[in-house]
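Now for the letters of each chain:
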Amino acid sequence: MEAWIEKSGEVVVVHLKGRVDYESVTPFRDHCVRHLSQEKVLFNLKDLNFVGSIGITDFVATITSLTESNGRGIKFCGMASEFRRIFEASEIRDLSVYETTDKALLAFQG
């Protein structure tokens with residue numbers, strides 16, 4: 001899994017690409033804990049997949065933990081139906097999913 005970050009106003013947009021795997025989840029979790037817990041965060045999952053991934057449980061646990069500790073807001077865009085089903089079955093409360101980055105960014109303003 002690759003990740004790159006951009007800032008759009010007050011929102012940190014985290015673009016994720018590739019396949020969720022066990023090796024990439026730990027650095028991803030560490031970065032989220034250190035840098036994103038006090039930010040408005042938008043995860044763009046458009047280019048992310050997990051087919052047969054061993055790391056999906058840890059990935060979802062990282063996102064769940066971040067949503068619980070973040071008081072500024074977490075939103076998602078570009079989420080495939082497979083990810084949506086997994087996140088809806090998780091402990092994440094108030095899952096905010098938007099079709100596009102622009103729609104999600106507008107939701108932070110409202």
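What counts, and where the lines are drawn
Residues numbered from 1 in each chain as written. Predicted model: local features only at pLDDT ≥ 70, side-chain atom pairs only at ≥ 80, totals over all residues. Heavy atoms only, no water. Helix = DSSP H or I, 4+ residues; strand = E, 2+ residues; numbered from the N terminus. Expected span 1.5 Å × (residues − 1). Buried < 20%, exposed > 50% of the residue type's maximum accessible area, 1.4 Å probe, protein only. Arc of directions from axis to C-beta. Contact = heavy atoms within 4.5 Å. Pairing = 2+ DSSP bridges. Right-handed = clockwise from strand over helix to strand, strands pointing away. Disulfide = S-S within 2.5 Å. Phe/Tyr/Trp six-rings, centres within 6.5 Å; stacked < 30°, edge-to-face > 60°. Lys NZ or Arg CZ within 6 Å of the ring centre and 35° of its normal. Axes fitted to C-alpha atoms, helices over the stretch in contact; angles between N-to-C directions. Parallel < 35°, antiparallel > 145°, perpendicular 65-115°, else oblique. Nonpolar A, V, L, I, M, F, W, Y, C, P; charged D, E, K, R; others polar.

This part is about helix α1 (residues 22-35). In a regular helix each residue adds 1.5 Å, so 14 residues correspond to 20 Å; α1 covers 21 Å between its end C-alpha atoms and thus fits that length. Those residues of α1 lying buried are Ser24, Val25, Phe28 and Cys32. Taken around the axis of α1, the buried residues stretch over an arc of 105 degrees, which confines them to a single face. Facing away from the buried surface of α1 by more than 90 degrees, the exposed residues are Glu23, Val33 and Arg34. The secondary structure elements touched by the buried residues of α1 are β2 (11-19), β3 (40-49) and α2 (56-69).

The subject of this paragraph is the pairing of β2. Pairing of strand β1 (residues 2-8) with β2, which is carried by 7 bridges, proceeds in the antiparallel orientation. In the strand pairing of β2, Glu2 is matched with Lys17. With antiparallel pairing between neighbouring strands as the criterion, β1 and β2 make up a hairpin whose turn holds 2 residues, including Gly9 at a positive phi of roughly 65 degrees. Regarding topology, α1 serves as the crossover connection from β2 to the parallel β3, and that connection is right-handed.

Glancing now at the state of the cysteines. Applying the stated criterion across every chain yields a total of 0 disulfides. Cys32 carries a free sulfur, and the closest cysteine sulfur to it, the one in Cys77, is 15 Å from it. Judged by its relative accessible area of 1%, Cys32 is buried.

In this structure, Val14 sits in strand β2. Considered as a pair, Val14 and Leu42 are 28 residues apart in the sequence and their alpha carbons are 6.1 Å apart. Setting aside residues no more than four positions away along its own chain, Val14 makes contact with Trp4, Ile5, Leu36, Val41, Leu42, Phe43 and Asn44.

Right, let's talk about the packing of aromatic side chains for a bit. According to the stated counting rule, one finds 7 aromatic pairs in the structure shown. Chaining the aromatic ring pairs together yields one cluster made of Phe28, Phe43, Phe59, Phe76, Phe83 and Phe87. In this structure, Lys75 is placed above the aromatic ring of Phe108, and the distance from its NZ or CZ to the ring centre is 4.8 Å.

Now for the packing of α1 against α2. Helix-helix packing: each pair is described by the crossing angle between the helix axes and the interaxial distance. Orientation of α1 relative to α2, taken along the N-to-C sense of each, is 10 degrees, at an axis distance of 9 Å. Considered as vectors, α1 and α2 are oriented roughly parallel to each other. Between α1 and α2, the contacting residues are Tyr22, Val25, Phe28, Arg29 and Cys32 on the first element and Asp58, Phe59, Thr62, Ile63 and Leu66 on the second. Taken together, the residues of the contact of α1 with α2 sort by class into 7 nonpolar, 1 polar and 2 charged.

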